[in-house]
Amino acid sequence: MATKITDECINCGACEPECPNSAITQGEDIYVIDPNLCTECVGFHGEEACAAVCPVDCCIPDEEKAETEEQLYARLAIVHPDKQFPPLAELTSALSRFRK
């Protein structure tokens, strides 16, 4: 599932530069995550980077946009067409929270 930013966001911007997919942008009042770009950091980190740096824990799973590791991994090829990633079967816990 994509990650979302709740209304508790204090608009600090700590999350934006951490996103490897440029899925986070500043909205009108809070930062927002584009679910079409969010891969929950699959292929990059073992946890969502935005959630790891958020000082108020407002980067949470969006229960309405549940996705499998396979779906998130497939999005990598769309978001990063010029980058090579290890095959899905070879992802480690350092590259996917699904592998823990």
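Note that the coordinates shown come from a computational prediction; the quantities given were computed from them, not determined experimentally.

What counts as what
Residues numbered from 1 in each chain as written. Predicted model: local features only at pLDDT ≥ 70, side-chain atom pairs only at ≥ 80, totals over all residues. Heavy atoms only, no water. Salt bridge = Lys/Arg side-chain N within 4 Å of Asp/Glu carboxyl O. Helix = DSSP H or I, 4+ residues; strand = E, 2+ residues; numbered from the N terminus. Buried < 20%, exposed > 50% of the residue type's maximum accessible area, 1.4 Å probe, protein only. Disulfide = S-S within 2.5 Å.

### Focus: the pattern of salt bridges
- Applying the stated rule across the entire model yields 5 salt bridges.
- The salt bridge partner of Arg 97 is Glu 48, with a shortest N-O separation of 3.4 Å. Residue Arg 97 is located in the segment after helix H2 (69–79), and its partner Glu 48 is located in the loop between strand E3 (31–33) and helix H1 (49–53); the two are separated by 49 residues in the primary sequence.
- Measuring nitrogen to oxygen at the nearest pair gives 3.6 Å for the salt bridge that ties Asp 62 to Lys 65.
- Given the relative accessible area of 10%, Asp 62 is considered buried.
- Salt bridges sharing partners connect three or more residues here, namely Glu 40, Glu 48 and Arg 97.

### Focus on the state of the cysteines
- Overall, the coordinates contain 0 disulfides when judged by the stated rule.
- The thiol of Cys 50 is unpaired, and the distance to the nearest cysteine sulfur, on Cys 59, comes to 3.9 Å.
- A relative accessible area of 7% means that Cys 50 is categorised as buried.
- For Cys 59, a relative accessible area of 9% corresponds to the buried category.

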